[in-house]
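The primary structure of each chain is shown beneath.
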Amino acid sequence: MKRVSLITHPLVDHHLCTVRDQATCSSEFRAAISRLSVLVGVHATEDLATGPKKIQTPICEADCRALSVNVGLVPILRAGLGMVEPLQNLLPDAAVWHLGMYRNEETAEPVGYYDKLPQKGAPNVALVLDPMLATGGSVDMVVRRLQSWGVDEIRVLSIIASQAGIDRVSKDFPDVRLYVAAIDPSLNDQSFIVPGLGDAGDRIFATPQKP
Ligand SMILES: O=P(O)(O)OC[C@H]1O[C@H](OP(=O)(O)OP(=O)(O)O)[C@H](O)[C@@H]1O
Ligand SMILES: O=c1cc[nH]c(=O)[nH]1
Ligand SMILES: [Mg+2]
């Protein structure tokens, strides 16, 4: 099983230029995040289980295949919201389970602030959505929560990950698969990804970024 998939595609390269560029406005940033999410999402779903399904076409009966697993989308608020619609377009029947989390600015440790997961009804496969995987602390917390909920298989979809974040999540959760459009080499002293793209949540929602 491949644990970390770096999606390589000319369109990934092209749209990464847009999201990295500090001159990109918020609406163009959202559009590029959406396009990148589709490219990552197609790869992250390419081996989902399917089963046979007979379909009556206008001409005759056809032997088709349909998804046989229950897939849930788990965006990490806020920035993960930018990846929901493109993934819903690929998986129109998927439930969306929101988890709210922000990083403490001094410690970069994640702080949970929204979690309404019910007791039961965990999906077979959860696709965790967050454009940025920096220290890996937020994803670590979310994976633990989803495991305690009873999700069988967890896949993390990010646009930009740091090498340190990937190493941390892979070490802590060898069964969790990661799908990313870019792996950046380092973190700065505020635990922002370098070169990265800045604060994804602020750029998606046009809220002022701290210098
Ligand atoms: O890997 P980590 O070090 O945990 O960092 C990544 C997290 O930080 C960002 O969220 P942020 O705290 O900026 O919240 P926001 O999405 O509301 O802007 C980002 O969207 C991830 O959730
Ligand atoms: O580089 C980073 C790190 C965390 N969150 C972001 O939005 N960007
Ligand atoms: Mg943010």
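Structural notes, computed from the coordinates. (Residues numbered from 1 in each chain as written. Chains lettered and ligands numbered in written order. Predicted model: local features only at pLDDT ≥ 70, side-chain atom pairs only at ≥ 80, totals over all residues.)

1. Topic: the site of ligand 1
Ligand 1 sits among 22 residues. The nearest are A79, A134, T135, S138 and G201. Within the residue set of the shell around ligand 1, elements represented by two or more residues are strand 4 (71-77), strand 6 (99-103), strand 9 (132-133), helix 4 (137-149) and helix 6 (200-205). Here the element with the most residues in the shell around ligand 1 is strand 6; it accounts for three residues. Taken together, the residues of the shell around ligand 1 sort by class into eleven nonpolar, seven polar and four charged. (Near = placed C-beta within 6 Å. Helix = DSSP H or I, 4+ residues; strand = E, 2+ residues; numbered from the N terminus. Nonpolar A, V, L, I, M, F, W, Y, C, P; charged D, E, K, R; others polar.)

2. With respect to the site of ligand 2
Around ligand 2, the structure places A79, M132, A134, F192, I193, G196, D199, A200 and G201. Its residues placed into classes, the shell around ligand 2 shows six nonpolar, two polar and one charged.

3. Topic: the environment of P131
Structurally, P131 is set in the loop between strand 8 (125-129) and strand 9. Overall, the presence of 28 C-beta atoms within 10 Å leaves P131 in the buried class. With 23 residues separating them in the primary sequence, P131 and I154 have C-alpha atoms 16 Å apart. (Buried ≥ 20, exposed ≤ 12 C-beta atoms within 10 Å, placed from the backbone.)

4. Comments concerning helix 2 (residues 26-44)
Between its terminal C-alpha atoms helix 2 stretches 26 Å, which fits the 27 Å expected from 19 residues at 1.5 Å a residue. Of the positions making up helix 2, those classed as buried are F29, A32, I33, L36, S37, V40, G41 and A44. Lining the buried residues of helix 2 we find helix 1 (10-20), helix 3 (84-90), strand 8, strand 10 (153-162), strand 11 (177-184) and helix 6. (Expected span 1.5 Å × (residues − 1). Contact = placed C-beta atoms within 7 Å.)

5. A short note on the environment of A31
With respect to the helices and strands, A31 occurs in helix 2. For the pair A31 and I204, spaced 173 residues apart in sequence, the C-alpha to C-alpha distance is 9.3 Å.

6. Examining the nonpolar core
In this structure, V74, L127, V128, L129, V156 and L157 are the most contacted members of the largest nonpolar core, which totals 50 residues. Residue contacts for V74: discarding those within four places in its chain leaves W97, L99, A126, L127, V128, L129, V142 and L146. (Core = buried A, V, L, I, M, F, W, Y, C linked by C-beta atoms within 7 Å.)

7. Observations regarding unusual backbone geometry
In this chain, L77 is followed by R78 through a cis amide linkage whose omega measures -5°. Structurally, R78 can be placed in the loop between strand 4 and helix 3. That bond from V194 to P195 is cis: its omega, 0°, falls within 30 degrees of zero. Along the chain, the position of P195 falls in the loop between strand 13 (193-194) and helix 6. Within the chain, A206 stands out as a residue other than glycine whose phi angle is a positive 60°. When you line up the elements, A206 lands in the segment after helix 6.

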